[in-house]
Number of protein chains: 2
Amino acid sequence: MMDIQIAVIDDHDLFREGLKLVLNQVEGFHVAYDTSNGYHFLETLNNIPIDMALMDIEMPVINGIQATGKALQVKPDLKIIALSMFSDTSHYTQMIHAGVRGFVLKKANKFELEQAIRTVHQGGNYFSQEILKKLAFRYTDQPSDRDQLTGREIEIIALICQGLTSYEISGQLHISVKTVETHRSNIFLKANVKNTAGLIVWAIKNQYYTVQ
Amino acid sequence: MMDIQIAVIDDHDLFREGLKLVLNQVEGFHVAYDTSNGYHFLETLNNIPIDMALMDIEMPVINGIQATGKALQVKPDLKIIALSMFSDTSHYTQMIHAGVRGFVLKKANKFELEQAIRTVHQGGNYFSQEILKKLAFRYTDQPSDRDQLTGREIEIIALICQGLTSYEISGQLHISVKTVETHRSNIFLKANVKNTAGLIVWAIKNQYYTVQ
DNA sequence: CTGTATCTCAGGGTTTACCCCGATAAAAAA
DNA sequence: TTTTTTATCGGGGTAAACCCTGAGATACAG
């Protein structure tokens, strides 16, 4: 029987190197390709015979979400499992939307990863327990579609994060203070926070504002 | 020549497994012990002949800071290198204080880790470039002794970042609301911000509070 | 012993945030 | 075309944040 040909895309060299050795020890697995760069992966995608890709999310140049989407456009039958450090709410929904068949946290052990790879290779899906919990939480907590932020709201979040008061924001956008306050309240509802402090942490966590 | 006997303490199974294989491939290195648990490490410390420990910081039960301190009490000649995912300011200062000889980020490659292990084994210190930059940044950005935050202030920053109001913080710390407000004002002066929004961004930027 | 830093608390004030309620007009979607 | 979403604005209120001043207790270093 043929080995499952695996590609590993992860910018953490130490982790990727180790993972390669771990997977090659497993009967029936073979790491055919590995790279630190989503861009290289897309370029060589047609030149290497792989069945499965283990994809990190946070990478420079092209992140895992973009790389997953583009790879599946080129090779729709490729099976991709997301491998992420954080059980980050915003990221995994984007990854699932991009078309991953599974999601495994890096803190998993090799048996869990092995099971995930076998399951997905046989046509199934595999999502870590933590991810499933988060998903269940999401659906009870905030039904995502209705809670999307509008353009104006995102604009105002940025200004709030810059430390501006509602009055200052109203001046900047040439609108009334009351309008700004209305947006503020609506944002609080959508973000499920109760004050500016909570909002800013939420905004940074969900990448509506970037520090540094 | 004897191999360098290495212990790996890290609760991320996949990473630890991989790291073990990577290090065992290196000429002169041998992973003599590995565990996911700082507690186990301390218990078996006297029964295993090791020269060097690679210690994760964030672990359940006993974290890397506590494990490092206690291990060096028992075995002062043990050389410990911190291995961390984040370039977390608050953590690495505590780790250095606990007595680590080096600090390597998990996103490093195996050559950097190899160099770190050899350097520390020969009696030197090794700190990743990112860590040194952070240290330098700290000293250039806020050199004045007067602007150092006190313990109480750092404590309150964390609570503010969690979205608590001054009243809630006063209850949590069993002090008056007025005291909390005084601390708040003093923090604003030191951070050079004018409201909570600015403070939180500043706190995250300077790693007094960590998102994710 | 004396200055300095830290932590504590208070009075009394202004400003801002936050929460109800309701409303209109335009744009987008159904 | 009807409905929904988005962006706009207001009244009127309470709670919280923020500012200024002053001050007592303790602990620590010079």
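Description of the structure in this document. Source: prediction; values computed, not measured.

A few words on the overall build of chain A. Along chain A, the regular secondary structure elements total ten helices and six strands. When burial is assessed residue by residue, chain A has 53% of its 212 residues classed as buried. The contacts in chain A between residues at least 6 apart in sequence include a share of 63% that link residues at least 24 apart. Split by element, the accessible area of chain A, about 10,300 Å² in all, is 50% carbon and sulfur.

Take the sheet that holds strand E3 (residues 52–56) of chain A next. Residues and elements named next belong to chain A. Strand order in the open sheet made by the six strands is E2-E1-E3-E4-E5-E6, with parallel pairing throughout. A strand with exactly one partner marks an edge of an open sheet, and here the two such strands are strand E2 (29–35) and strand E6 (126–127). The sheet strands contacting helix H1 (residues 13–25) are strand E1 (4–9), E2, E3 and strand E4 (79–84), and the helix crosses E2 at an angle near 165 degrees. Contacting E3 and E4, helix H3 (residues 64–74) crosses the sheet at an angle of about 155 degrees to E3.

A few words now on the protein's contact with DNA strand C. Around DNA strand C there are 17 residues in total, and Thr196(A), Thr150(B), Arg152(B), Ser176(B) and Lys178(B) lie nearest to it. Backbone atoms, meaning sugar and phosphate, form 62% of the atoms of DNA strand C found within 4 Å of the protein. Measuring from a phosphate oxygen of DNA strand C, one finds a backbone N or O atom of Ser166(A) at 3.0 Å. Glu181(A) is positioned such that a nitrogen or oxygen atom in its side chain is 3.4 Å from a base nitrogen of DNA strand C. Elements with a minimum of two residues in the surface near DNA strand C: helix H9 (177–191) of chain A together with helix H7 (151–161) and helix H9 (177–191) of chain B. Of the residues contributing to the surface near DNA strand C, the split by class is two nonpolar, ten polar and five charged.

The next thing to look at is the sheet that holds strand E4 (residues 79–84) of chain B. Residues and elements named next belong to chain B. Spatially, six strands are ordered E2-E1-E3-E4-E5-E6 in an open sheet, and the strand pairing comes out parallel. Each edge of the sheet is formed by a strand with only one pairing partner; in this case those strands are strand E2 (29–35) and strand E6 (126–127). Pairing between strand E3 (residues 52–56) and E4: five bridges, direction parallel. Each bridged residue has a counterpart across the sheet, and for Ala-53 the counterpart in E4 is Ile-80. Contacting E3 and E4, helix H3 (residues 64–74) crosses the sheet at an angle of about 155 degrees to E3.

Let us now look at the pairing of E3(A). Residue and element names in this part refer to chain A. Within E3, five of the five residues are buried, which leaves it mostly tucked inside the rest of the structure. Alternating residues of E3 divide into Met-52, Leu-54 and Asp-56 and Ala-53 and Met-55, and every residue in both groups is buried. Taken together, the four bridges between E1 and E3 define a ladder with parallel strand orientation. Paired with Ile-6 across the strands is Met-52, a residue of E3.

So, about the nonpolar core. One finds Ile169(A), Leu199(A), Trp202(A), Ile157(B), Ile169(B) and Trp202(B) to be the most contacted residues of the largest nonpolar core, which totals 46 residues. When residues of this core are traced back to their parent elements, those giving at least two are helix H7 (151–161), helix H8 (166–173), H9 and helix H10 (196–205) of chain A together with H7, helix H8 (166–173), H9 and helix H10 (196–205) of chain B. The residues touching Leu199(A), leaving out its near neighbours within four places in the chain, are Ile160(A), Ile187(A), Phe188(A), Ala191(A) and Val193(A). One finds Val8(A), Leu19(A), Val120(A) and Val31(B) within the second-largest nonpolar core, a separate group that totals 42 residues.

This part is about empty space enclosed by the protein. Throughout the structure, instances matching the rule amount to one cavity of 30 Å³ or more. Taken as a whole, the largest cavity holds about 70 Å³ of empty space. Forming the walls of the largest cavity are His12(A), Phe15(A), Met85(A), Lys106(A), His12(B), Phe15(B), Met85(B) and Lys106(B).

Bringing the interface of chain A and chain B into the picture now. Counting residues at the interface gives 37 residues for chain A and 37 residues for chain B. Carbon and sulfur atoms make up 72% of the area that chain A and chain B hide from each other, which totals about 3,100 Å². Joining chain A to chain B, the criterion identifies four salt bridges. The partner of Glu17(B) in a salt bridge is Lys110(A), with the nearest N and O atoms 4.0 Å apart. For the pair chain A and chain B, the interface holds eight residue pairs in polar contact (both at pLDDT 80 or more). The dominant element in the side of chain A that touches chain B, judged by the number of residues it contributes, is H1(A), at nine residues. Taken together, the residues of the side of chain A that touches chain B sort by class into 17 nonpolar, ten polar and ten charged.

What follows covers the packing of H10(A) against H10(B). The contact between H10(A) and H10(B) brings their axes to 9 Å, and the two run at 40 degrees. Compared by their axis directions, H10(A) and H10(B) come out oblique. Regarding H10(A) and H10(B), the two cross each other, and that crossing is right-handed. When H10(A) is examined against H10(B), the residues Thr196(A), Ala197(A), Ile200(A), Val201(A) and Ile204(A) are found in contact with a partner set consisting of Thr196(B), Ala197(B), Ile200(B), Val201(B) and Ile204(B). Across the contact of H10(A) with H10(B), the residue classes tally to eight nonpolar, two polar and no charged.

Residues and elements named next belong to chain B. Following both chains from N to C, one finds H7 and H9 inclined at 95 degrees, their axes separated by 10 Å at the closest point. Taken together, the axes of H7 and H9 are roughly perpendicular relative to one another. Here Arg-152, Glu-153, Ile-156, Ile-157 and Ile-160 of H7 lie close against H9, whose contacting residues are His-183, Arg-184, Asn-186, Ile-187 and Lys-190. Of the residues assigned to the contact of H7 with H9, the class counts are four nonpolar, two polar and four charged.

This part takes up the protein's contact with DNA strand D. Taken together, 17 residues form the shell around DNA strand D, and within it Thr150(A), Arg152(A), Ser176(A), Lys178(A) and Thr196(B) come nearest. Per the 4 Å cut-off to the protein, sugar and phosphate atoms form 65% of the nearby atoms of DNA strand D. At 3.1 Å from a base nitrogen of DNA strand D is found a side-chain nitrogen or oxygen belonging to Thr182(A). A distance of 3.0 Å separates a phosphate oxygen of DNA strand D from a polar atom in the backbone of Ser166(B). When contributions to the surface near DNA strand D are tallied by element, the ones reaching two or more residues are H7 and H9 of chain A together with H9 of chain B. Across the surface near DNA strand D, the residue classes break down as two nonpolar, ten polar and five charged.

Reading the values: rules and limits
Residue indices follow the written sequence of each chain, beginning from 1 at its first position. Naming scheme: in the order in which they are written, chains are lettered from A and ligands are numbered from 1. Restriction of local features to residues with pLDDT of at least 70 applies here, the model being predicted, together with a cutoff of 80 or more for giving and counting side-chain atom pairs; totals for whole chains, interfaces and linings are based on all residues. Computation of side-chain values: all heavy atoms of the structure, hydrogens and water removed. A run of H or I in DSSP counts as a helix once it spans at least four residues, and a run of E counts as a strand once it spans at least two, with each numbered from the N terminus. The classification of residues rests on relative accessible area computed with a 1.4 Å probe and restricted to protein chains. Under 20% of the type maximum is buried, over 50% is exposed, and intermediate values are partly exposed. In this description, contact between two residues means that some pair of their heavy atoms is separated by no more than 4.5 Å. Per-residue and other accessible areas follow the Shrake-Rupley method at a 1.4 Å probe size, with only the shown protein chains counted as cover for residues. One bridge is not enough; two strands pair if DSSP finds at least two bridges between them. Lines fitted to the C-alpha atoms define the axes, with helices restricted to the stretch that makes contact. Angles between their N-to-C directions range from 0 to 180 degrees. Distances are taken per atom, and a residue is near a molecule or strand as soon as one of its heavy atoms is within 4 Å of it. Here a polar contact is taken to be a pair of N or O atoms separated by no more than 3.5 Å, where protein atoms must pair a possible hydrogen donor with a possible acceptor and residues adjacent in sequence count only if both atoms sit in side chains. By the convention adopted, Pro, Cys, Tyr, Trp, Phe, Met, Ile, Leu, Val and Ala count as nonpolar, Lys, Arg, Asp and Glu as charged, and the other residues, Gly among them, as polar. The set of buried Ala, Val, Leu, Ile, Met, Phe, Trp, Tyr and Cys residues whose side-chain atoms join them within 4.5 Å is what this entry labels a nonpolar core. Points on a 1 Å grid over protein atoms alone make up a cavity when a 1.4 Å probe fits among them but cannot get out, and a pocket when they form an open set with protein on both sides within 12 Å along at least five of seven lines; lining residues each have an atom within 4 Å of a point. Grid points are joined across faces, edges and corners, and a volume is the space filled by probe spheres set on the points. Once two parts are brought into contact, the accessible area they lose, counted with a 1.4 Å probe and summed over both, makes up the buried area. What makes a salt bridge here is a side-chain nitrogen of Lys or Arg within 4 Å of a carboxyl oxygen of Asp or Glu, nothing more. In this scheme, roughly parallel covers angles under 35 degrees and roughly antiparallel covers those over 145, while 65 to 115 is roughly perpendicular and the rest are oblique. Crossing handedness is read from the near helix: turned anticlockwise from the far helix by less than a right angle, it gives a left-handed crossing, and turned clockwise, a right-handed one.

Just distances and angles here, no functional claims.
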